Amino acid sequence: MAFKLPKQNPPTADDPESMFRDLRKRTVPGPLSHQADLLRSYMDVHLQYADIALQLPTGSGKTLVGLLIGEWRRRKYGERVVYLCPTRQLVNQVAEQAVQKYGMDLHAFTGKRSQYDSKKAADWQNSEVLAVTTYSSLFNTNPFFSDPNVIILDDAHSAENYVANFWSLQIDRSDSTHAGIFSALIGLLRSVLPHADQCKFAPTEGDAEDPQWVEKLPTPAFQSLVPELVALLDEHTKNTNLRYTWSILRDSLQACHLYLSRRAILIRPLIPPSNAHAPFAGARQRLYMSATLGSGGDLERVTGRYPIHKIPVPAGWDIQGIGRRFFIFPKRSLDDVETASLTSQAIKRAGRALYLVPDDASAQKATKQIESDLDCTVFDASQLEVSKKPFVERENAVAVIANRYDGIDLIDEDCRLLATDGLPGGANLQERFFVLRVTAQLLLDDRILTRLVQGFGRCTRSPNDYAAIVILGETLNNYLFKKENREFFHPEIQAELEFGIEQSRDSTAHEMLLNLDHFLKQDSDWEGADQAILGLRAGLTQRTLGATEDLANAVPAELEYQYALWSADYSSALQHCRTVLGKLNHADLRGYRALWLYLAGSAAWLAFKAGQLPDDSLVKEYFRKAQAAAPVLRWLVGLSHASASPTETVAEDEDVGVTALVERIELTFDELGTIHDRKYDAEERAILDAILQTDDGILFEGGHERLGKMLGFTAGNSTDEAAPDPWWMADDTVFVFEDHAEANSGTVFPARKARQAASHPDWLRENLTLPDSIEIIPVVITPCTKASKGAVPTLRKVRYWSRDHFCTWAQEALRTLRDLRRTFPGVGNLAWRTSAVARLKAANIAPHQLNAMLSQSAADAMRAVDVAGEDS
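Bear in mind the structure is a predicted one, so any value in this text is a computation, not a measurement.

Looking only at helices and strands, one finds 38 helices and 25 strands in the chain. Its C-alpha atoms give the chain a radius of gyration of 31 Å, within 12% of the compact-globule value 29 Å for 872 residues. Over its C-alpha atoms, taken along the principal directions, the chain stretches across nearly 120 × 75 × 50 Å. Looking at the chain residue by residue over its 872 residues, the buried ones come to 58%. Contacts spanning at least 24 positions in sequence make up 75% of the contacts within the chain whose residues lie at least 6 apart. Just so you have it, the chain exposes about 35200 Å², and 48% of that area is on carbon and sulfur atoms. Treating the 94 positive side-chain charges of the chain as one cloud and the 115 negative ones as another, the clouds have centres 4 Å apart.

All right, on to the sheet that holds strand β4 (residues 130-134) then. The sheet built from seven strands is open, its strands ordered β3-β4-β2-β5-β10-β1-β11 with parallel pairing. Each of the sheet's edge strands pairs with one partner strand only, and the pair in question is β3 (106-109) and β11 (309-311). Neighbour-to-neighbour, the strand axes of the sheet open up by a mean angle of 20°, direction not taken into account. Examined bridge by bridge, strand β5 (residues 150-153) and strand β10 (residues 285-290) share four bridges and lie parallel to one another. From the neighbouring strand, isoleucine 152 faces β10, where its bridge partner is leucine 287.

A word on the pattern of salt bridges. Evaluated as defined, the whole model comprises 52 salt bridges. The partner of arginine 685 in a salt bridge is aspartate 689, with the nearest N and O atoms 3.4 Å apart. Placement of both arginine 685 and aspartate 689 in helix α31 (residues 678-692) is noted, with a separation of four residues, approximately one turn of the helix. Residue class for arginine 685 comes out exposed when judged on its relative accessible area of 59%. Classification of aspartate 689 as partly exposed rests on a relative accessible area of 44%. Here the salt bridges do not stand alone but share partners, grouping Arg324, Arg325, Glu492, Glu496, Asp530 and Arg537 into one network.

Attention shifts here to the packing of aromatic side chains. Taken as a whole, this structure holds 44 aromatic pairs when the rule is applied. Aromatic side chains tryptophan 801 and tryptophan 809 sit 5.0 Å apart centroid to centroid with 65° between the ring planes, which places their arrangement in the edge-to-face category. Taking relative accessible area as the criterion, tryptophan 801 reaches 1% and is therefore assigned buried. Residue classification places tryptophan 809 among the buried residues on the basis of a relative accessible area of 6%. With a centroid separation of 5.0 Å and an interplanar angle of 65°, the aromatic rings of phenylalanine 824 and tryptophan 832 are classed as edge-to-face. Accessibility classification places phenylalanine 824 together with tryptophan 832 in one group, the buried group. The ring of phenylalanine 280 has arginine 286 sitting right over it, with the charged end atom 5.7 Å from the ring centre. Above the face of the tyrosine 680 ring, arginine 821 is positioned so that its terminal group lies 4.5 Å from the ring centre.

For helix α10 (residues 226-236), every residue scored as buried is listed here: Val226, Leu229, Val230, Leu232 and Leu233. Elements in contact with the buried residues of α10: β6 (169-172), α7 (179-189), α9 (219-224), α11 (243-249) and β9 (264-269).

This part covers the nonpolar core. Side chains that are nonpolar tend, in soluble globular proteins, to be buried together. By size, the foremost hydrophobic cluster in this structure holds 161 residues, and its most contacted members are Ile267, Trp596, Trp728 and Trp809. Counting residues per element, this core draws most heavily on helix α27 (residues 590-609), which supplies 13 residues. If sequence neighbours within four positions are ignored, tryptophan 596 has contacts with Leu270, Glu558, Tyr561, Cys577, Val580, Leu581 and Leu584. Formed by 35 residues, the second largest nonpolar core is a distinct cluster that contains Phe20, Leu90, Val91 and Val132.

Moving on to the side chain of threonine 303. As for its position among the elements, threonine 303 is in helix α13 (residues 298-303). Within the structure, the side chain of threonine 303 is placed 2.8 Å from the backbone oxygen of leucine 299, a separation counted as a polar contact. Each residue touching threonine 303, except ones within four places of it in the same chain, is listed here: Ala159, Val163, Pro272, Ser274, Phe280, Tyr288 and Ile308.

What follows covers the sheet that holds strand β13 (residues 352-357). Read across the sheet, six strands follow the order β12-β17-β16-β13-β15-β14 without closing on themselves; strand pairing throughout is parallel. Two strands close off the open sheet at either side, each with one partner strand: β12 (324-328) and β14 (377-379). Within this sheet the neighbouring strands show an average axis-to-axis angle of 20°, counted without direction. In the sheet, β13 pairs with strand β15 (residues 397-402) via six bridges, with the strands oriented parallel. Across the sheet, the residue bridging to arginine 352 is alanine 397, located in β15. Each of β13, β14 and β15 touches helix α15 (residues 360-373); the most contacted strand, β15, lies at about 165° to it. Along the sheet, helix α20 (residues 474-481) makes contact with β16 (417-421) and β17 (466-472), crossing β17 at roughly 110°.

Following the sequence through the fold, lysine 331 ends up in the loop between β12 and α14 (336-350). For lysine 331, the side chain forms a polar contact with the side chain of glutamate 474, separated by 3.5 Å. The residues touching lysine 331, leaving out its near neighbours within four places in the chain, are Asp336, Thr339, Gly473, Glu474, Asn477, Ile675, His676 and Arg678.

Conventions and cut-offs
Residues numbered from 1 in each chain as written. Predicted model: local features only at pLDDT ≥ 70, side-chain atom pairs only at ≥ 80, totals over all residues. Heavy atoms only, no water. Helix = DSSP H or I, 4+ residues; strand = E, 2+ residues; numbered from the N terminus. Rg over C-alpha atoms; globule rule 2.2 N^0.38 Å. Buried < 20%, exposed > 50% of the residue type's maximum accessible area, 1.4 Å probe, protein only. Contact = heavy atoms within 4.5 Å. Areas by Shrake-Rupley, 256 points an atom, 1.4 Å probe, with all protein chains shown as cover. Lys, Arg positive; Asp, Glu negative; His and termini not counted. Charge placed at Lys NZ, Arg CZ, Asp CG, Glu CD. Pairing = 2+ DSSP bridges. Axes fitted to C-alpha atoms, helices over the stretch in contact; angles between N-to-C directions. Salt bridge = Lys/Arg side-chain N within 4 Å of Asp/Glu carboxyl O. Phe/Tyr/Trp six-rings, centres within 6.5 Å; stacked < 30°, edge-to-face > 60°. Lys NZ or Arg CZ within 6 Å of the ring centre and 35° of its normal. Core = buried A, V, L, I, M, F, W, Y, C linked by side-chain atoms within 4.5 Å. Polar contact = N/O pair within 3.5 Å; in protein donor to acceptor, adjacent residues only side chain to side chain.

Shown next as structure tokens:
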């Protein structure tokens, strides 16, 4: 047998651009000018930085740039290079492009490590080829790619889904393999949850009530449960897909936070400690490729790395984009029924459609609607991640994808229609907590913009590609209709959005569909529209998000805080919190600043417990400051109580009750929409029609219950015998009513009704499992001015509300609500919440103020009279 002579490596090119000209098998002439510009910018700095980010618009050829850099480094420095993609489908797509278009030899690795081809594995380990694989192939507890020299992260903006998930233990109630763990954990957590939160998990509590509810367990409460939590999860995660993540977090729970909702429990660090994962941190260089890099430190928070040197988009691409999108806004002119019909008709015309939604519940709802209205095949994300071929080969198909705004490329005839429903904020429980509880929406604005840009570009993947985009859902429409939000998009998208909004104004469904037909045909009518979009683009520029500089300046210390906690250096973590707080000075960051004051208090608490601080004075100081920075944040009140004076405690308790109302009012506004008044007006009219009529007691009760929900109370009613009429519940107070509205002013209030009203608190405690500490206030609503003598002793236990005063109060309360809605900027705005708290108190809607208003007992309000034959 002849000896194998050493392989002669070709001469090493001076740069990736020169190397590309030596790839003789390529079928494309060379890098486009903007790709070459980016390669040259990289060469200028590639020896100076371990972390470099490159920005190019979606569809403009990031893949070629990344592959050329990776292949050049492999040849130049003999490095092991791994190119990461979000999905297996994209791995295969990148590998196919590399071989067929660019003439590169590389290996694609998908599936289980045990199934990798041994020869291909050896080729990569010996730096003979570049490897293309998924993020999850690197971010796992036993990766084959354990020591890469260079890591290229394609679609780096999507890293949150893969990097942070490596350190995220999420227990989903709906997953049959997690159900037992979820139940056991709730049993453990009950001992430290407020009663109002315990009730969220009661068997009788429906998921429809407060579906957006999310809470965080305060650090002192969480850490007190750690020994039991460890024992519980050690046992319950055996033989489940959670055991790997649990093994990573188990000994570092001091650096984690616990978030819970009705459907899931999440344990994770604030920022992924990626430096603790050797395969990622040990690389000589990490290259992040993205269409939107942002400037507020979001890429650093997502990846846990700093500093990241950012190479901006090449000249010209700050104005021009890739492909053409025609936005359709049916809700600009149509009601819900007409919008659903138009969406179905648009899908029929296009044949294939991609339908993006923010969560699984929305995906299930959309799938059900599509299967009901259309004769087509519905695909989900898991199917497209394997291969898009079955989808693109069907003439009538819809891919419904939840919380995935990246990793799915549908080019040219693959798909010409995208429907997107809902604003992509709150992708996980931590994000939802930031928005709904911390009111730190500004922190996530950059991430939301990135997801929207990525979503809008799923079906426009080349310069001449085109796709129509149907905008659905109240939150997304609310967001895009506001000019101040659109100004943060790339000028090309701004122009497309403005054109679409104008075309949808005062348009019928028929007219919108005719415009869609012109667009899909790309006929002469559309050519004029395309020129109009270019004309709009010429006068537009892209603005930077508010407080961006403060957020960017804070991110180094934020990462240092996380790594100090991970190593249990609590005093250093506290010092880094102080540094962060020194950077967050923008007025719009009040909520985020309150979070860091809380984190400083938590770090001080951990340091005190570990003997790293001599006393707990700093704990009390920071928790007090956190509450003062954001007095409407309910979850801070309990921590600040420990050091508050009695007077301060009473005031804080009042704010807790009214803030609960404000949070639910926000969700009601969001549900009813703020684009137009149709839904809101209909609900308001139904309430007023019911409570202002005097003949039908059942109708009055229904309007009374709906009014409570509208005002932010948790309202209920029951048809059981001897049950109360509606009840309105706030966190620490319940108003339970006996409605006697169908009577008239001459009616004598009977003893029977008095006894019913007085017994309602007992009924509630029996049926709603309320804590002993909650105050239950029975209230009679009646036009009566006289009561039988037999009723008087019992009525001393009951508050009185005359029907006329109730109706007047209700009308004024609804006016207050309408005024608040007029200025409502969206969920999670701290300034609006603070104003809303003051308005609800002034209008006697807040629980404590309403209670004070109803201080008169019914016995004192009605004159006692003799009634012949009255039942005793």
